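The chain contents come next:
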Amino acid sequence: MRPTLVRYEAPGWGVGELWLDGDRVLESAHPRPNRTGPGTVPRHVLAGRLVAFFQGAADDFLDVDLDVDDGFHGDCAKALRKVPRGEVVTYGELATLAGRPGAARAAGTFCALNRFGVFVPCHRVVAANGIGTFGDLGVDYKRRMLALEGVVL
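Here goes a summary of the coordinates provided. (Residues numbered from 1 in each chain as written. Predicted model: local features only at pLDDT ≥ 70, side-chain atom pairs only at ≥ 80, totals over all residues. Heavy atoms only, no water.)

1. Remarks on the overall build of the chain
Line of reasoning, step 1. Scanning the chain from terminus to terminus reveals 5 helices and 5 strands.
Line of reasoning, step 2. Seen in sequence order, the chain has helices and strands lined up from the N terminus as β-β-β-α-α-β-α-α-β-α.
Line of reasoning, step 3. On C-alpha atoms alone, the chain measures out to a radius of gyration of 15 Å, which is about the 15 Å that the 2.2 N^0.38 rule sets for 153 residues.
Line of reasoning, step 4. The C-alpha extent of the chain, read off along each of the three principal axes, is 45 × 35 × 25 Å.
Line of reasoning, step 5. Burial statistics for the chain: of 153 residues in total, 45% are counted as buried.
Line of reasoning, step 6. Across the chain, contacts joining residues at least 24 apart in sequence account for 51% of those joining residues at least 6 apart.
Line of reasoning, step 7. Approximately 7800 Å² of the chain is accessible, and the part contributed by carbon and sulfur atoms is 51%. (Helix = DSSP H or I, 4+ residues; strand = E, 2+ residues; numbered from the N terminus. Rg over C-alpha atoms; globule rule 2.2 N^0.38 Å. Buried < 20%, exposed > 50% of the residue type's maximum accessible area, 1.4 Å probe, protein only. Contact = heavy atoms within 4.5 Å. Areas by Shrake-Rupley, 256 points an atom, 1.4 Å probe, with all protein chains shown as cover.)

See the structure below:
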């Protein structure tokens, strides 16, 4: 298998990346303003949907085929994909949804390692006492993503 890299530009957000095996997503990276990439015209239908998402379009991406791992992380990914747009869950709630009540820290680790960007919406996972973190993208980025869905924290 040789993955295909697709870059897309989301105005106001930056350049995002998708790694695909056919139409199956192997990995996806959120748009970043400091990333460079070709063109502003998406070259893949999924890239076009991502551009629309970052412009506020309601898309749950549930039809997108992901290369999800087995085990707890795969269970977290599947559970999180079912959390509706505009709603949030805590790390503890995600762990419970994934079948492992009490594994909030493990759910946090899953979110930190999430390789699917908005397809597995870890921006919808918050700490029990506040918004929580969002890796090297930062809390402001997470707030912007939640705001796209009408959530203000």
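Right, picking up where we left off after that structure.
2. As for the sheet that holds strand β3 (residues 24-32)
Line of reasoning, step 1. If you trace the 3 strands from one edge of the open sheet to the other, you get β1-β2-β3, paired in antiparallel fashion. The open sheet is flanked by β1 (4-10) and β3, the only strands paired with a single partner. Going across the sheet, the axis of each strand differs from the next one's by a mean of 15°, ignoring polarity.
Line of reasoning, step 2. Bridge count between strand β2 (residues 14-21) and β3: 6 bridges; the pairing is antiparallel. Paired with Leu20 across the two strands is Val25, which belongs to β3.
Line of reasoning, step 3. Relative to the sheet, helix α1 (residues 45-54) contacts β1, β2 and β3, its axis offset from that of β1 by approximately 30°. (Pairing = 2+ DSSP bridges. Axes fitted to C-alpha atoms, helices over the stretch in contact; angles between N-to-C directions.)

3. Notes on the packing of aromatic side chains
Line of reasoning, step 1. Here the structure, examined in full by the defined rule, presents 6 aromatic pairs.
Line of reasoning, step 2. Pairing Phe61 with Phe119 gives two aromatic rings, centres 5.1 Å apart and planes at 90°, and the pair type is edge-to-face. Separated by 58 residues along the polypeptide, Phe61 in the loop between α1 and α2 (71-81) and Phe119 in the loop between α4 (104-113) and β5 (125-126) bring together distant segments of the chain. Like Phe61, the residue Phe119 is buried in the burial classification.
Line of reasoning, step 3. With centroids separated by 6.2 Å and ring planes inclined at 20°, the aromatic side chains of Phe134 and Tyr141 adopt a geometry described as stacked.
Line of reasoning, step 4. Phe134 gets classed as buried once you look at its relative accessible area, which sits at 12%. (Phe/Tyr/Trp six-rings, centres within 6.5 Å; stacked < 30°, edge-to-face > 60°.)

4. Some points on helix α5 (residues 139-148)
Line of reasoning, step 1. Three or more residues of α5 are buried, namely Tyr141, Lys142, Met145, Leu146 and Leu148. On an axial view of α5, the arc spanned by its buried residues comes to 150°, and they lie on one face.
Line of reasoning, step 2. On the buried face of α5, the contacting elements are β3, α1, α3 (91-97) and β5.
Line of reasoning, step 3. The first or second residue beyond α5 is Gly150, which carries a positive phi of 85°. (Arc of directions from axis to C-beta.)

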